[in-house]
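Secondary and tertiary structure notes
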Amino acid sequence: MSGRSAGAGPGAAVSVGYAGASGPARHVPGEVAMRPDPTAPGRPDVAPARGGPWDGGPSDGGPSDGDVAARFAAGDERALALAYERWAGLVHGMALRALGSADEAEDVTQQVFVSAWTGRHGYRPVAGPLAAWLVGIARHRIADAFARRQRERRLAEAAGAVALPAVTPDPHADDRVVLFDELARVGQPQRGIMELAFFHDLTHEQIAERTGLPLGTVKSHIRRTLVRLRARLEVDGAAL
Amino acid sequence: MPHCDPEVLGLAALGERVAEADAAHLAGCARCRQDVAELAAVVGAVRVDVPAGPPVEPPARVWDAVAAATGVSAAPRAPAAGSGRDARSVRDAGRWAGRRVLLAVAAACLAVGAVGGALVTRLVGGGAPGPAASGPVVARVSLAALPLAADASGAASVVRSASARDLVVDVSRLGARPGTFYEVWLIDRSVQRMVPVGILRGSEGVFTIPDSVDLGQYPVVDISVQLPGDPRHSGRSVLRGTLPA
């Protein structure tokens, strides 16, 4: 693998560290629903794309984000590499902050790009930026990771092991396990609709547009599935 | 008005905006509000809160795994060296040649002290330290402007003296903001932990870096706009850069 700007003078070496903090960052509309952490300095995740010698981002040429998205959707392998180049840092940063564990974050980052690629037929560039779609998948995988963590913890406890507290405790750990179990039993298209609503923060209109389902169908699937999840929570929820 | 359509309550629980008539009804109807609250609890337990923060490049093995799983042979260019170097990816540094070499030189120079420091200063093109600090510059970084201060620019240097390390910060076009002040921080890569190092007055400041602070652990130099009375980081950063290892 060659450096991003091989041949850059020594001056570039000073600032390469910065590239991790803002190089691939660009505005991600899909991320606006993330609740800001009051202790998180700045919002570099919504920083405009920046050029400059220490950036290594879009200023060094290459196709536009829109081109990458279109080629990605069309199955161009090079576009997967480009998408990774631009947004792996965004995804990995999210996973690392949410999970607080390098191993789990690496798994999530890997899963996000693998499932984005294998599920690329579900991505339509006209429906939104590729980065926003990746962020939605990342939020889904992070939630999965929390559920998996809790299931493993219970198994360990059941086996008599003393589980250490998680680095980033999940306040909803028990309910999450129950809800993910129930969600896995929900058939399609309901499950897909709920995933778009939960993790991609799409409105019911956007979901209807993306899935091609009638608005009324989307609304009633959302209501019924939420009620189903609530009922399951009442039976098996935090009382466990 | 009759009760809200149950489907509307479901959308409200997901955080969707509801029509004014529904909002007005909800304001006065405990039963509908209760329904929204119960469903919103479900939504809250499914969704995850991800704190905002900067990108962190994953180590190279993550791409290797993606490529293996997808069978894709194209490869991304290596992330800019230095990005996302957590404790583990430091061990991977050898996998990325090129500019990493310079960083290795810099690290080695740090170890041998002043002479090496001067060499690094030359190598990395560092400028003169601020007037109040003396000693070799052992690390230097440009501070990039964040959207809150798009026109601003700045640089930070770590200057080593006999007994301490100073962080020298100089900025330009960072206008005065009435009722606020600028504070300088050192932050870890995951943006979870931070150390306030001082208040920036004017365009230049020299701050002593506490001995207990490992710059490898807190490499991000950050300047924020703060309101008096709250010691926490405001979340409103204006300039930021990451010191090279």
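No experiment lies behind these values; they were computed from the predicted model shown. Numbering of residues starts from 1 in each chain and follows the order in which that chain's sequence is written. Lettering of chains starts at A and numbering of ligands starts at 1, both following the order in which they are written. In keeping with the predicted nature of the model, local features appear solely for residues at pLDDT of at least 70, side-chain atom pairs appear and are counted solely at 80 or more, and the whole-chain, interface and lining totals rest on all residues. Remark: hydrogens and water are excluded; side-chain values derive from all non-hydrogen atoms of the structure.

Before going further, it helps to spend a moment on the overall build of chain A. Secondary structure elements follow DSSP: runs of H or I of four or more residues count as helices, runs of E of two or more count as strands, with numbering from the N terminus. For chain A, the helix and strand inventory stands at 9 helices and 0 strands. Think of it in three bands: residues with accessible area under 20% of the maximum for their type are buried, residues over 50% are exposed, and the middle band is partly exposed, with areas taken using a 1.4 Å probe on protein chains only. Taking all 240 residues of chain A together, the buried fraction comes to 50%. The contact definition used throughout considers only heavy atoms, calling two residues in contact when any of these lie within 4.5 Å. In chain A, of all internal contacts separated by at least 6 residues, the share reaching a separation of at least 24 is 61%. Shrake-Rupley sampling with a 1.4 Å probe provides the accessible areas, and residues are treated as covered by the protein chains on show and by no other component. Approximately 9600 Å² of chain A is accessible, and the part contributed by carbon and sulfur atoms is 56%.

The subject of this paragraph is unusual backbone geometry. A cis geometry characterises the amide bond from Gln-188 of chain A onward to Pro-189 of chain A, with omega recorded as 5 degrees. Positionally, Pro-189 of chain A belongs in the loop between α6 (173-185) and α7 (190-198). Its identity as a non-glycine residue notwithstanding, Asp-201 of chain A has a phi of 55 degrees, on the positive side. The topology assignment puts Asp-201 of chain A in the loop between α7 and α8 (204-211). A positive phi angle, near 55 degrees, is found at Arg-173 of chain B, a position not held by glycine. Turning to its location among the elements, Arg-173 of chain B is positioned in the loop between β3 (165-172) and β4 (181-187).

Take the sheet that holds β3 of chain B next. Residue and element names in this part refer to chain B. The strand order across the open sheet formed by 8 strands is β5-β4-β7-β8-β1-β2-β3-β6, and the pairing between neighbours is antiparallel. Taken across any chain shown, the strands that pair with only one partner, and hence form the sheet edges, are β5 (194-200) and β6 (204-209). Strand after strand, the sheet turns through a mean of 25 degrees between neighbouring axes, direction not considered. Note that strand β2 (residues 153-160) and β3 share 8 bridges and pair antiparallel. Paired with Ala-156 across the bridge in β3 is Val-169. A pair of strands is treated as paired once DSSP finds two or more bridges between them. Comment: axis = line fitted to C-alpha atoms, over the contacting stretch for helices; angle = value between 0 and 180 degrees taken between N-to-C directions.

Axis angle and axis distance: for two packed helices, these are the angle between their axes and the distance between the axes, and together they describe the pair. Relative to each other, helix α9 (residues 215-236) of chain A and helix α3 (residues 30-46) of chain B sit at 80 degrees, their axes nearing to 9 Å. By the angle class used here, α9 of chain A and α3 of chain B are roughly perpendicular. Taken together, the residues of α3 of chain B that come into contact with α9 of chain A (itself represented by Arg-223, Leu-226, Val-227, Leu-229, Arg-230, Leu-233 and Glu-234 of chain A) are Asp-35, Glu-38, Leu-39, Val-42 and Val-43 of chain B. A breakdown of the residues in the contact of α9 of chain A with α3 of chain B according to their chemical character gives 7 nonpolar, no polar and 5 charged. Roughly parallel covers angles under 35 degrees, roughly antiparallel covers those over 145, roughly perpendicular covers 65 to 115, and oblique covers all other angles. Gly is placed with the polar residues, together with every amino acid not listed as nonpolar (Ala, Val, Leu, Ile, Met, Phe, Trp, Tyr, Cys and Pro) or charged (Asp, Glu, Lys and Arg).

All names here are of chain A. To pair, rings of Phe, Tyr and Trp, with the six-membered ring standing in for Trp, must have centres within 6.5 Å; the planes then decide the type, stacked if under 30 degrees apart, edge-to-face if over 60, and tilted in the middle. Summed over all chains, the structure comprises 7 aromatic pairs over all chains. Aromatic side chains Phe-72 and Trp-133 sit 6.5 Å apart centroid to centroid with 75 degrees between the ring planes, which places their arrangement in the edge-to-face category. Of this pair, Phe-72 sits in helix α2 (residues 65-73) while Trp-133 is found in helix α5 (residues 130-158), placing the two residues 61 residues apart along the sequence. Note on accessibility: Phe-72 and Trp-133 belong to one class, buried. Ring centres 5.0 Å apart and planes at 35 degrees place the aromatic pair Tyr-123 and Trp-133 in the tilted group. Of the two residues, Tyr-123 is situated in the loop between α4 (102-118) and α5 and Trp-133 in helix α5; the sequence distance between them amounts to 10 residues. Using a relative accessible area of 9% as the deciding quantity, one classes Trp-133 as buried. Three or more aromatic residues link up through ring pairs in this structure, and these residues are Phe-72, Trp-117, Tyr-123 and Trp-133. Charges are assigned to positions over rings by a cutoff of 6 Å between ring centre and Lys NZ or Arg CZ, combined with an angular limit of 35 degrees from the ring normal. The ring of Trp-117 has Arg-120 sitting right over it, with the charged end atom 4.1 Å from the ring centre.

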